[in-house]
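# Survey of secondary and tertiary structure
Here is how the chains run, residue by residue.
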Amino acid sequence: MADEYAWPEVVEEVAVQDALDPQQQTLDEYVAVSTGADPEDLAYLMVMGLLEALADGGSCILALSDRVTNHMVNGVGFFIRGRNYRIIFHDPWGPGQSFLQLGKNMAGVAAEPYQGGGFSVSHHELTRVLDSFIGLAKPDKADDGKDTEN
Amino acid sequence: MEKTLRINETSEGFIAYCQGSSSPFSFLAGQRELSAQKVHDNYLFASQASPGRYMLQLVWPDLHAGISDLDGSHDLEILGGYLHYEMEYQKQALGNQLTPDSLGVRKLPTGRQFLIWCSEPADSPSPAGPGDGEDTSGSRTATPYSGFASMRNGRELVVFGIQGLGSGWTRDAVRIKAIRIAFSTFFD
């Protein structure tokens, strides 16, 4: 009996391929299904969706709100520091300034200047102010405006 | 190699730091009012979230020698093998089945893949309907359905199992919590 459910010695073929169907599940579906879900989880998953979009090499327009001020910034990438993903963004708030710097927002978010330009903010802090985002796909080489017809 | 787990309370919540035979990793073990216990080789955590209390089980076995040396291209096969084993066990021991359409593959922002699925009693009246099978007794008994997330960590398997406690938990809430725990996992 003890070995009846032993972990198999060899890799088994299972229907994992079915789960790879991109139509089957997306993070958007998880976020949209809010019935009874923990609001913390939904905010967290939205930020993870943003990271997924940035990981694919695209940039994103982030709609932010501290429930007093609404503002938009341009997310361009992320890096990892400790247990934090830090989202890199450019902010049109003003020269060298950001709405997400400490003291400029009511949510207590404290973005930091990023060495390569712009700012970075931790994904935990972003859950407090991210309302939505729009992914901007990388330009397709075949659609770069050049006339490819002979 | 002996496995060690320690918990730190941070602004993020209760973070478990794990060290075994592969890369150290950490994850969100609980949000508020954490209690934890070790059950054989597994760990069981209970904590509080908005819909109510919930349980998180960490299953953290070493892979067999023949499997552990396989490269990353076999990760999904390995995770699928464990899924098969886990659901066979649940079917025979608990009468549970895989929730239809609950199986999916997701990626951490770092690119590491994990498997997500749910299980529920085989006699659930409407398996696909959100909230079906909920515990509406108002008690703190565990929900009859569970959400799971599994990932490979080199020579180890890391599996998170979530069950809600009480009536506040829908099936979607349990599934989403499992995804959130998987996303909270960082590998050194």
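Calculation rules
Residues numbered from 1 in each chain as written. Chains lettered and ligands numbered in written order. Predicted model: local features only at pLDDT ≥ 70, side-chain atom pairs only at ≥ 80, totals over all residues. Helix = DSSP H or I, 4+ residues; strand = E, 2+ residues; numbered from the N terminus. Rg over C-alpha atoms; globule rule 2.2 N^0.38 Å. Buried ≥ 20, exposed ≤ 12 C-beta atoms within 10 Å, placed from the backbone. Contact = placed C-beta atoms within 7 Å. Pairing = 2+ DSSP bridges. Axes fitted to C-alpha atoms, helices over the stretch in contact; angles between N-to-C directions. Core = buried A, V, L, I, M, F, W, Y, C linked by C-beta atoms within 7 Å.

Helices and strands together make up the secondary structure of chain B, namely three helices and twelve strands. Whereas a compact globule of 188 residues would reach a radius of gyration of roughly 16 Å, chain B reaches 16 Å, a difference of no more than 12%. Dimensions along the principal axes, computed over C-alpha positions, put chain B at roughly 45 × 35 × 30 Å. Counting all 188 residues of chain B, 46% fall into the buried class. Of the contacts formed within chain B by residues at least 6 apart in sequence, a portion of 55% connects residues at least 24 apart.

Glancing now at the overall build of chain A. Counting secondary structure elements, chain A contains four helices and six strands. Reading chain A from its N terminus to its C terminus gives the helix and strand order α-α-α-β-β-β-β-β-α-β. Evaluated residue by residue, chain A yields a buried proportion of 30% over its 150 residues. Taking the intrachain contacts of chain A between residues at least 6 apart in sequence as the baseline, contacts between residues at least 24 apart amount to 49%.

Residues and elements named next belong to chain B. Pairing analysis gives seven bridges linking strand 1 (residues 4–10) to strand 2 (residues 13–19), with the strands arranged antiparallel. Opposite isoleucine 7, over in strand 2, you have alanine 16 as the bridge partner. The turn linking strand 1 back onto strand 2 is made up of two residues. Inspection of the sheet shows strand 2 paired to strand 3 (residues 25–30) by five bridges, in the antiparallel sense. When the sheet's bridge partners are listed, alanine 16 is paired in strand 3 with phenylalanine 27. Counting the residues that bridge the hairpin from strand 2 to strand 3 gives five residues.

This next bit is on the sheet that holds strand 5 (residues 119–122) of chain A. Residue and element names in this part refer to chain A. Strand order in the open sheet formed by six strands is 4-5-3-2-1-6, with antiparallel pairing between adjacent strands. Bordering the open sheet on either side are strand 4 (112–113) and strand 6 (130–136), each of which pairs with just one other strand. Where strand 3 (residues 84–90) meets strand 5, four bridges bridge the pair, whose relative direction is antiparallel. Along strand 5, the bridge assignment pairs phenylalanine 89 with phenylalanine 119. Contacts from helix 3 (residues 39–55) reach strand 1 (59–65), strand 2 (70–81), strand 3 and strand 6 within the one sheet, and its direction differs from that of strand 2 by about 70 degrees.

What follows covers the environment of tryptophan 93 of chain A. Residue and element names in this part refer to chain A. If you trace the backbone, tryptophan 93 turns up in the loop between strand 3 and strand 4. Since 15 C-beta atoms lie within 10 Å of it, tryptophan 93 is described here as partly exposed. C-alpha of tryptophan 93 to C-alpha of histidine 71: the two residues are 22 residues apart in sequence and 8.5 Å apart in space. Those residues in contact with tryptophan 93, other than ones at most four positions away along the chain, are Ser98 and Phe99.

The next thing to look at is the environment of serine 102 of chain B. Residues and elements named next belong to chain B. Along the chain, the position of serine 102 falls in the loop between strand 7 (96–98) and strand 8 (104–107). Serine 102 sits 61 residues away from aspartate 41 along the chain, and the two C-alpha atoms are 27 Å apart. The residues touching serine 102, leaving out its near neighbours within four places in the chain, are Trp117, Cys118 and Arg175.

Here we come to unusual backbone geometry. Positive phi, normally seen in glycine, also occurs at arginine 67 of chain A, with a value near 75 degrees. Locating arginine 67 of chain A in the fold gives a position in the loop between strand 1 and strand 2. A residue is classified by how many C-beta atoms lie within 10 Å of it, and arginine 67 of chain A, with 11 of them, is exposed. Positive phi outside glycine occurs at histidine 40 of chain B, with the angle close to 55 degrees. Considering the arrangement of structural elements, one finds histidine 40 of chain B in the loop between strand 4 (35–39) and strand 5 (42–49).

Moving on, we get to the nonpolar core. Counting 76 residues, the largest nonpolar core has Ala149, Phe160, Ala178, Ile181 and Ala182 of chain B as the members making the most contacts within it. With nine residues, the top contributor of residues to this core is helix 3 of chain A. Once residues within four sequence positions are removed from consideration, alanine 149 of chain B is found in contact with Phe114, Leu115, Ile116, Phe160, Ala178, Ile179, Ile181 and Ala182 of chain B.

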